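# A closer look at the structure
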Amino acid sequence: MMPVLPGSPRLRPLSVVLTVSLLSSLSPPCAGKKKLYIGALFPMSGGCTPWTWSTTRTDILPDYELELIHYNSMCDPGEATKLLYDLLYTEPIKIVLMPGCSGVSTIVGEAARMWNLIVLSYGSSSPALSNRQRFPTFFRTHPSATLHNPTRVQLFQKWKWTRIATIQQTTEVFTSTLDDLEQRTKEAGIEISVRQSFLTDPAVAVKNLKRQDARIIVGLFYETEARKVFCEVFKEKLYGKKYVWFLIGWYADNWFKIHDPAINCTVENMTEAVEGHVTTEIVMLNPETIKGVSNLTSQEFLEELMSRLGGKNPEETGGFQEAPLAFDAVWAMALALNKTSERLKAKGRRLEDFNYNNHDITAEIYRALNTSSFEGVSGQVVFDAQGSRMAMTLIEQLQGGTYKKIGYYDSSQKNLSWYIQNSQPYLNNMTAVGCMMALAAVFPLGIDGHHVHRSQFPVVCQFRLWLLGLGFSVAYGSMFTKIWWVHTLFTKKDEKNEKKKPWKLYATAGVLLAVDFLSLMIWQIVDPLHVTIEKFTKEAPKEDLDVLIQPLLEHCSSDKINTWLGVVYGYKGLLLLLGIFLAYETKSVSTEKINDHRAVGMAIYNVAVLCLITAPVTMILSSQQDASFAFAALAVVFSAYITLVVLFVPKMRRLITRGEWQSEQQDTLKTGSSTNNNDEEKSRQLERENRELQKIIQEVSSPQPLASTKSEGVLRHVVCGAHQHTPEAMLVRLPLAKRDTQESALRTGQM
């Protein structure tokens, strides 16, 4: 297996094969076509069997055939230098160079200017390549590693963290990434208080992080070193609720479970140490289902790619992750050459006129690439002023040993959007559907013999019963399921088993709906609703017409209507009362699993009160059709609309004002333990503790007035920090930003 070198986080043979095959398909051999040659230095292991990749774009370079001349650079700059010499001094002339990893791209990019060659890479992430003075003709579809930094800074600001620490492996790519992060944090008013580095053994660096009380820690290292770091993290207990680790997202999903003889920690130790860390990763596959320039959606591309693998595990296939970037790199080059060809025709020149002394054609290709903008399978392909790809960043968190998406950040738009999961959107959708069904039942409630024939009236009766019954089950059942689930989690000490069973939510809602459906079905079969006529006392009209008027009132009824209503009202009444109890019990609970449960509780109060009042009143007013209809209709309308407003308006307001879907009620960041509304009590407790600490510090540091003054400043920071709250992300389970603890206050006083 080829070693992973700086700037090349994964193996790339698959990307190489994909590039070769796509180039062949874009311009298949044909008599009369001119050949254009592409020189490539790819990292390859094993043999490469070219594929035939079909494309329907016959308008791209119709007069040319592209031929790729490629060598195995092994990601070795020394080997790449020798192969580059062979490419440049051996016929035919190459019009574009395509290196793979960062080390090779550095060599090729610096030399290319001497031969007026454009360089386009799909797998180079080193920040050093974003330098137009050193690499004036370099482009890459792989974003720079520094693209993670705007996301990190945005998250620090979002959660109001002003002090962070860093630990890095001593390599060029990570050093330059950290230099960029330091500059960005300084501009944002964030201090990097601790900066540690290591070459091979991270033990001392991790101990220093512990010694200097680091809490928010950014780690920059390769996967093999990550295992070493977190083995030391486990030994130093530098993990848990008080710490947040930010790592790179392109490790394998099970990187901490892989057996590594270089560490002496078990899989259980590693799993415990890495739990809860946050990763940032460049989005390499377009999340939108849009057909791009290749006439493929990202999913269609992925399906085609998987079929070419023949059942091989993608995680074990080198270069699988970068395949969309390689695919789009070829398209970017083909589109740029096509645009250049059209511009050259207008000047009476051709692409095949290119030679290593021809600066004009190089300038045209550069201009075409620099203005590229198309929809690829990896997303929108756009290059910045340094030739680096601009892309979105995916934010994930390890929860229960599995990475969960929590959001995306678009650095070009400075837009941070959270991934909806913990509000359980499908249950919210069920609530909305149930409310609409209940609202639809208002119309048949108002229909009588004036609108339909008496023979058709039983159908209206069934519509009333089914729309109201199922509407209540779907809307209230989904809300009851949420609040019951929160109560279950709150009362259980061990939530680990529950994290893997989200299907229970939907199963519970389904059971409630099935019970109502079966009961209504049995009612309709055994004792169907029919029309009954209630006769009132005959009335004489005001005019003396020698007639009497017999008032009649049509009812939907059955032979044992009271029994059926008793069963239904009793069952639903118990659910309403239980829902009120659960909502009350969980009103002060904070959980990351369902983060809008307080809004659900308010909606349950509303529905329960209106239903418990409306049911007996409508039975009493059954003989007064206008009053009965008005009361029932208004109750249905108010309960449905209030439920929709309470659940969805806060989300819409957040989306409009902040560009996020987030719970209105929860504005504090999840700390890993349940919190409540007793903020004032907590504040008073902190003040009492701080007063006691001040006395201790004054006793210890009385001969040192300067240290005492510094300690008091630290203590004041603790008191003020107790009143700060930070917004909560949908899925994020993180500790609070670093606050000076009792130990840190004491240490400061003793300095």
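Conventions we followed
- Residues numbered from 1 in each chain as written.
- Predicted model: local features only at pLDDT ≥ 70, side-chain atom pairs only at ≥ 80, totals over all residues.
- Heavy atoms only, no water.
- UniProt positions renumbered as here; feature names shortened; annotations may be inferred.
- Helix = DSSP H or I, 4+ residues; strand = E, 2+ residues; numbered from the N terminus.
- Buried < 20%, exposed > 50% of the residue type's maximum accessible area, 1.4 Å probe, protein only.
- Contact = heavy atoms within 4.5 Å.
- Areas by Shrake-Rupley, 256 points an atom, 1.4 Å probe, with all protein chains shown as cover.
- Core = buried A, V, L, I, M, F, W, Y, C linked by side-chain atoms within 4.5 Å.
- pLDDT = per-residue confidence, 0-100.
- Pairing = 2+ DSSP bridges.
- Axes fitted to C-alpha atoms, helices over the stretch in contact; angles between N-to-C directions.
- Salt bridge = Lys/Arg side-chain N within 4 Å of Asp/Glu carboxyl O.
- Left-handed = near helix turned anticlockwise from the far one by under 90°.
- Nonpolar A, V, L, I, M, F, W, Y, C, P; charged D, E, K, R; others polar.
- Phe/Tyr/Trp six-rings, centres within 6.5 Å; stacked < 30°, edge-to-face > 60°.
- Lys NZ or Arg CZ within 6 Å of the ring centre and 35° of its normal.
- Patch = residues over 30% accessible without salt bridge, like charges linked within 9 Å, V, L, I, M, F, W, Y side chains within 5 Å.
- Disulfide = S-S within 2.5 Å.

An unreviewed UniProt entry annotates the chain as Gamma-aminobutyric acid type B receptor subunit 1 of Neogobius melanostomus. Under the UniProt heading Sequence similarities (unreviewed entry), the note attached to the chain is "Belongs to the G-protein coupled receptor 3 family. GABA-B receptor subfamily." The annotation that UniProt attaches to the chain under Subcellular location (unreviewed entry) is "Membrane".

## Side note on the overall build of the chain
Across its full length, the chain carries 21 helices and 17 strands. Going through the 751 residues of the chain one by one, you find that 52% of them count as buried. Sequence separation of at least 24 residues holds for 75% of the intrachain contacts in the chain that already meet a minimum separation of 6. Total accessible area on the chain is roughly 35,000 Å²; 57% of this is exposed by carbon and sulfur atoms.

## Things to note about the nonpolar core
In summary, soluble globular proteins display a tendency toward joint burial of nonpolar side chains. Membership of the largest hydrophobic core comes to 66 residues, with the highest contact counts inside it found for L41, I95, M98, M333, L337 and L351. Ranked by residue count, the leading element in this core is helix α10 (residues 323–346), at 12 residues. Ranked by size, the runner-up nonpolar core spans 58 residues in total, among them I217, L247, V274 and W418.

## A few points about the confidence of the model for the chain
This prediction gives the chain a mean pLDDT of 79; 77% of its residues lie at or above 70. The model gives residues 658–681 a pLDDT under 50, and that stretch makes 85 contacts with residues more than four places away or in other chains. Here residues 703–751 is a poorly scored stretch, pLDDT under 50, and it has 135 contacts once near neighbours within four places are set aside; other chains count.

## Observations concerning the sheet that holds strand β9 (residues 244–248)
The strand order across the open sheet built from 8 strands is β7-β6-β8-β9-β10-β13-β14-β15, with neighbouring strands paired in mixed fashion. The sheet terminates laterally at β7 (191–198) and β15 (415–418), the two strands that pair on one side only. With direction set aside, neighbouring strand axes in the sheet form an average angle of 25°. As paired elements, β9 and strand β10 (residues 278–282) share 3 bridges and run parallel to each other. Considered in β10, the bridge of L247 is made with T279. Sheet contacts for helix α5 (residues 172–187): β6 (163–169), β7, β8 (216–220) and β9; angle to β6, the most-contacted strand, approximately 170°.

## Re the UniProt feature "transmembrane region" (unreviewed entry) in the chain
On the UniProt side, "transmembrane region" (unreviewed entry) is annotated at positions that read residues 465–485, 505–526, 561–583, 603–621 and 627–649 here. Taken as a whole, residues 465–485 contains 100% helix and 0% strand, while its terminal C-alpha atoms sit 29 Å from one another. Between the end C-alpha atoms of residues 603–621 the distance is 26 Å, and the span holds 95% helix and 0% strand.

## Some thoughts on the pattern of salt bridges
With the rule as written, the count across this model stands at 20 salt bridges. Between K82 and D86 there is a salt bridge, with its nearest N and O atoms 3.8 Å apart. Of this pair, K82 and D86 both sit in helix α2 (residues 77–88), separated by 4 residues, roughly a single helical turn. For K82, a relative accessible area of 48% translates into the label partly exposed. For D86, a relative accessible area of 27% gives the class partly exposed. Among the ionic pairs, R227 bridges to D260, the shortest N-O distance being 3.0 Å. With R227 in helix α7 (residues 223–236) and D260 in the loop between β9 and α8 (267–274), this pair connects stretches of sequence that are 33 residues apart. Each member of the pair, R227 together with D260, is buried. Residues participating in the shared-partner salt-bridge network are R343, K347, E364 and R367.

## Considerations on the packing of helix α4 (residues 148–158) against α5
Viewed as axis vectors pointing N to C, α4 and α5 meet at an angle of 40°, and their least axial separation amounts to 10 Å. Taken as a pair, α4 and α5 cross one another with a handedness that is right-handed. On the side of α4, the interface is formed by N149, P150, R152 and V153, while α5 contributes T177, D180, L181, R184 and T185. Residue composition of the contact of α4 with α5, grouped by class: 3 nonpolar, 3 polar and 3 charged.

## Comments concerning the packing of aromatic side chains
Per the stated rule, a full pass over the model turns up 26 aromatic pairs. With 5.7 Å between their ring centres and 65° between their planes, F42 and Y122 make a pair best called edge-to-face. Here F42, found in strand β1 (residues 34–42), pairs with Y122, found in the loop between β4 (118–121) and β5 (138–140); they are 80 residues apart in sequence, far enough to count as distant. The structure contains a cluster of three or more aromatic residues connected by ring pairs, namely F174, Y222, F230, W245, W250, Y251, W255 and F256. Here R215 stacks its cationic end above the ring of Y243, 5.9 Å away from the centre of that ring. Between the NZ or CZ atom of K237 and the centre of the ring of F234, over which it lies, the distance is 4.3 Å.

## Remarks on the environment of M436
Note that M436 resides in helix α12 (residues 425–440). The spacing of M436 and V637 is 201 residues in sequence and 9.7 Å in space, taken between C-alpha atoms.

## Examining a nonpolar patch on the surface
Where nonpolar side chains cluster on the molecular surface, the patch consists of F517, L518, M521, I522, I525 and V526 and spans about 580 Å² of accessible area. Relative to the helices and strands, F517 is located in helix α15 (residues 503–526).

## Concerning the sheet that holds strand β3 (residues 94–99)
If you walk across this open sheet you meet the 5 strands as β2-β1-β3-β4-β5, and the pairing is parallel. A single partner strand is all that each edge strand has here, and the edge strands are β2 (64–72) and β5. Pairwise comparison of adjacent strand axes, ignoring direction, gives a mean angle of 25° for this sheet. In this fold helix α11 (residues 359–370) packs onto β3, β4 and β5, with an angle of close to 30° to the strand it touches most, β4.

## Here's the deal with the state of the cysteines
Per the counting criterion, the structure on display carries 3 disulfides. Covalent S-S linkage joins C231 and C265, the inter-sulfur distance amounting to 2.0 Å. Residues C231 and C265 are joined through a disulfide that is right-handed, its torsion about the S-S bond being 80°. Note that C231 is positioned in helix α7 and C265 in the loop between β9 and α8, a separation of 34 residues in sequence. Assessed through its relative accessible area of 1%, C231 is described here as buried. The exposure class of C265 is buried, given its relative accessible area of 15%.

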